[in-house]
Amino acid sequence: MTFTRTAISTLALAAVSATAASARDQVQIAGSSTVLPYASIVAEAFGENFDFPTPVVESGGSSAGLKRFCEGVGENTIDIANASRAIRDSEVAVCAENGVTDIIEVRIGYDGIVFASQQSGPAFSEFTPSQWYLAMASEMPGDDGTMVANPNTSWNQIDASLPDAEILAFIPGTKHGTREVFEEKVILQGCEDTGAMQRMMDAGLDEDGAEDACMSIRSDGRAVDIDGDYTETLARIESDPDGVGVFGLAFYENNTDKLKVATMGGVEPTVETISTGEYPVSRPLYFYIKKAHIGAIPGLKDYASFFVSDDIAGPDGPLAEYGLVSDPELSDTQQMIESETILN
Amino acid sequence: MTDATAPIGAGQGSLIQQDSRTAKRNAAEKRFKMYGLAAVCVGIAMLIMLVTSILSNGVSAFFQTTIQIMVELPEEKLDKSGVRDPEVMAKVTTFGYAPLLRDGLQKTLEDNGIETELSAKDAADLISDESVAQLRRYVLANPELIGQTIPVEVLASGRIDGFYKGRVTYESAELDSNVSPEQLDLAEALKGADLLKTGFNWRFFTAPDASVTRPEAAGLGVAIIGSFYMMLIVLCLALPIGVAASIYLEEFAPQNRFTDLIEVNISNLAAVPSIVFGILGLAIFINFAGLPQSAPIVGGLVLTLMTLPTIIIATRASLKSVPPSIRDAALGLGASKMQAVFHHVLPLAMPGILTGTIIGLAQALGETAPLLLIGMVAFVREYPAGPPEGLFDPATALPVQIFNFTQRSDPAFVERASGAIIVLLLFLLIMNLTAIFLRRRFERRW
């Protein structure tokens, strides 16, 4: 009985494998977890309005997505990589090595990074990059340029206008693209603003060395790396009333009943201040298309055009409603997809 | 024992009166019992905490608030040509349907004498974004309805739904940028007019996943189908292969170094972290064999590899527990070795084998890690086709869907995730109960 069953299932598997040769008919996407919500909104609307099946969207991070994107050309590789940062030259080189030469870069808009704390917690309402540098740095130069461990333990030690609360910040872990933006646009900026960077350079460090020293985050437990998603940061904030967390604007906007946001450098993070560039901590979001797959995978180009159409990515579209800061140069992007302009 | 048989002499104590050493030993035994009981209590307390937290968060996922509205379907907007050809009508996208719903809600409010200060757009936020797609699908399927005013039952948006489940309150709405107290007032008015109802959420079991902006529409349909396909593959492959391997190893294979090596490896494989099987699956099934990503076939094959050792170990144990006298009797009556195994040993070992298989399947059903690498942790909205082709279509699985839900920003997804956990736990419970039932019903003791 067992042998017949084995034989039958083997046969069935063989038969099934034979039919597997049929072509893939849905677009496959992978990459940044920041872009994932936007991509899934578009994928959903695309499936509803077109005859093509709904694209499959995976997350996993910008780097992981681009790595899979660069694995090669063919049905078993993804068509689009979402990224919360621009593709690096090294990644382009890997791509080219594996035969992925023609890549179309699409900028979909901007994402704001906000600093928020528990709704009923201490009154964190205004921050500056300098304050964050003084709170987060692992070592700071003294007046004579020698490095001393960060002595600050509570926010009002840094600035009397800040509440008397223990420093406890939940920042994105190093695997997140958000961490890079946080370090460059907040910590490094603060390091320059406070003059700490100048003092380090005066004490003999070169510029790169000083930047690295600026961006090294304290590891005494007051800066907590969150490797998961913003939902994890939110859970940590909810259990630590003194905690301040780093969130994406869209996430904050969906949880305004639990979180209150602080201004950065006097500017409140809103879609408007981010699109004008007034609010300092923001970054562009992208997706990358394999040109070789256009035509081979049905609906790929339609999906890309639909993504950046005014109905979707425009200032009144569903993406903006969810928290994406729409790109003022959207029509250029639309043009670019139409003409399939490749990177460089 | 020795105490009881030893002669009672001076200094030996008596059976009636405990000496200090006996008292000590008895006390130690008592303590040990207490420790054991405490351990069990801690376990039960943890279980109760887990189950209550999941139930309190998740039971509401099985209920859904809907709103009944009248929608006019004007010909000049939906079908200018007037030919009622769905292909031509498909040119009107969901963006063209949104104003119809907005107007429909306004008209419904007027007809029922409900007054509100909200703008038409804010009022329309009470309705889920999903309903435009729902309306468009319905109209395309029934083109003859154009020109009429039809009643439509639409999903209430996540925040309004949350209001009737206690997740959203007037206080939180004050602070919430996605809902206002006025909108809650309007929802209450609709409820007063018997237009807004909360009912059992069948969609939760049948609907596919939905994007972050429509938690109210998200369901487990694709995940349940995906999990079912994978279990089917695991059952069809792991059971025959596992049983055949065990019979050979247990009944036919010579005892030598080679079979010892195999045995050690099987025990080892059972303890390998499941993500390793995912890496293997990616390398062999996707990159080498060219099977599609995100497909249940690959997930099923990977989980088969993971389940095989469990099934082999369980099967071998139950084959071993069949007493040799059965084999000897069969062989003594002239049966061949194969006849002895298949006619006598295997049927007697069957309950144990099935139990092992079901436990292996339950383990596979709850597995997420290996699926991460083969692209099944994804946003999938299309139902896979029927088997066998459907095995190659993208799908997700129940545990993966839970993981996906927990990552989303809208708090309504917490409820969906807990609801999905309840569904998964129910499946596991049913499978484990079946295993226990089979064991109790058919197991024979010698």
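Residues numbered from 1 in each chain as written. Chains lettered and ligands numbered in written order. Predicted model: local features only at pLDDT ≥ 70, side-chain atom pairs only at ≥ 80, totals over all residues.

A count of helical and extended segments in chain A gives 16 helices and 13 strands. Across its three principal axes, chain A shows a C-alpha extent of roughly 75 × 55 × 45 Å. Sequence-distant contacts in chain A: of pairs separated by 6 or more residues, those separated by 24 or more amount to 73%. (Helix = DSSP H or I, 4+ residues; strand = E, 2+ residues; numbered from the N terminus. Contact = placed C-beta atoms within 7 Å.)

Residues and elements named next belong to chain B. Considered domain by domain, chain B is made up of domain 1 (62-201) and domain 2 (221-442). The gap between the C-alpha centroids of domain 1 and domain 2 is 45 Å. Residue-level contacts link 4 residues of domain 1 with 5 residues of domain 2. When grouped by side-chain class, the residues that make up the side of domain 1 that touches domain 2 number 1 nonpolar, 2 polar and 1 charged. (Domains from an automatic or database assignment. Nonpolar A, V, L, I, M, F, W, Y, C, P; charged D, E, K, R; others polar.)

Residue and element names in this part refer to chain A. Each assigned domain of chain A is listed with its residue range as follows: domain 1 (24-110 + 284-339) and domain 2 (112-282). Put simply, the middle of domain 1 and the middle of domain 2, counted by C-alpha atoms, are 30 Å apart. Listed by contribution, the elements that provide at least two residues to the side of domain 1 that touches domain 2 are helix H15 (318-322) and strand S13 (325-326). Per-class residue counts for the side of domain 1 that touches domain 2 are 7 nonpolar, 8 polar and 1 charged.

All right, on to the interface of chain B and chain A then. The parts lose accessible area when they come together, and the size of an interface is often stated as this lost area. Contact residues are listed per partner, giving 42 residues for chain B and 40 residues for chain A. Elements represented by at least two residues in the side of chain B that touches chain A include exactly helix H5 (94-111), helix H7 (130-141), helix H9 (170-175), helix H12 (221-252) and strand S4 (378-379) of chain B. No other element matches the 5 residues that H12(B) contributes to the side of chain B that touches chain A. Here the side of chain B that touches chain A is composed, by residue class, of 22 nonpolar, 14 polar and 6 charged. One ladder, built from 2 bridges, connects strand S2 (residues 56-58) of chain A with S4(B); its direction is antiparallel. Opposite Glu58(A), over in S4(B), you have Ala378(B) as the bridge partner. (Pairing = 2+ DSSP bridges.)

One finds Val42(A), Phe287(A), Tyr288(A) and Leu398(B) to be the most contacted residues of the largest nonpolar core, which totals 168 residues. The element best represented in this core is H12(B), accounting for 14 residues. (Core = buried A, V, L, I, M, F, W, Y, C linked by C-beta atoms within 7 Å. Buried ≥ 20, exposed ≤ 12 C-beta atoms within 10 Å, placed from the backbone.)

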